[in-house]
Amino acid sequence: MLLDAGDKVHGTVAQLVDQLRRFVDDQAHLENRRILDLIHEIETHAIALKATPPAAAEFSRLDSFSPEMNLAMCRALYKPPRRPVLDLGTIAKGEAELDFAALFKQTSVDEKLLRSQVNDY
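This structure is a prediction, so every number in the text was calculated from the model and none was measured.

Asks: Would you mind showing me how to read the overall build of the protein here?
Replies: What the protein contains, in helices and strands, is 4 helices and 0 strands. The C-alpha atoms of the protein give a radius of gyration of 41 Å, which is well past the 14 Å a tight globule of 121 residues would have. Along the longest, intermediate and shortest principal axes, the C-alpha atoms of the protein span 90 × 80 × 35 Å. The buried share of the protein, taken over its 121 residues, is 0%. For the protein, the accessible area works out to roughly 13,500 Å², and carbon and sulfur atoms hold 60% of it. Side chains of the protein carry 15 positive and 19 negative charges; the gap between the two charge centres is 7 Å.

In structure tokens, the structure reads:
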């Protein structure tokens, strides 16, 4: 019984390996085909350029002889302007009626709790 189950597992693994091998072979074939298409395209462009070669300055021009480095730590930090321009607009005088009682109602002290905590220390 156990031997039969092992044979089934071995057969399934062999099928999976075979499918995976075929898939990898197909992918390799497609990649090789793409490479050959690119080579053929480059050859076509090279033959077209052979008939009418570009000027030497256009063909082999280099932008610079050394690489540009743009490192994050080499950049300057943000500096705010020394004399910022502030637009205050027009300030009008106004009147307001405020009820300050609400501010004093927010704070309540439990004296018994405070005394017990102070006495504990």
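Asks: Could you clarify how one ought to interpret the environment of Val9 in this entry?
Replies: Summarising the element assignment, Val9 is placed in helix H1 (residues 2–51). Sequence separation between Val9 and Phe100 is 91 residues; the distance between their C-alpha atoms is 82 Å.

Asks: Before we go on, may I ask you to explain the pattern of salt bridges in this structure?
Replies: Where charged atoms from two side chains of opposite charge approach closely, those side chains can pair. Using the criterion set out here, one finds 2 salt bridges in the structure. Residue Asp18 is joined to Arg22 by a salt bridge in which the shortest nitrogen-to-oxygen separation is 3.1 Å. Taken together, the residues span about one helical turn, with Asp18 and Arg22 both in helix H1 at a distance of 4 residues. Since its relative accessible area comes to 34%, Asp18 is described here as partly exposed. Residue class for Arg22 comes out partly exposed when judged on its relative accessible area of 46%. Between Arg33 and Asp37 there is a salt bridge, with the nearest N and O atoms lying 3.8 Å from each other.

Asks: Just checking my understanding: could you explain a nonpolar patch on the surface for this structure?
Replies: Taken together, the side chains of Leu98, Phe100, Leu103 and Phe104 define a hydrophobic patch exposed on the protein surface, amounting to about 510 Å² of accessible area. With respect to the element layout, Phe104 can be found in helix H3 (residues 101–105).

The rules behind each value
Residues numbered from 1 in each chain as written. Predicted model: local features only at pLDDT ≥ 70, side-chain atom pairs only at ≥ 80, totals over all residues. Heavy atoms only, no water. Helix = DSSP H or I, 4+ residues; strand = E, 2+ residues; numbered from the N terminus. Rg over C-alpha atoms; globule rule 2.2 N^0.38 Å. Buried < 20%, exposed > 50% of the residue type's maximum accessible area, 1.4 Å probe, protein only. Areas by Shrake-Rupley, 256 points an atom, 1.4 Å probe, with all protein chains shown as cover. Lys, Arg positive; Asp, Glu negative; His and termini not counted. Charge placed at Lys NZ, Arg CZ, Asp CG, Glu CD. Salt bridge = Lys/Arg side-chain N within 4 Å of Asp/Glu carboxyl O. Patch = residues over 30% accessible without salt bridge, like charges linked within 9 Å, V, L, I, M, F, W, Y side chains within 5 Å.

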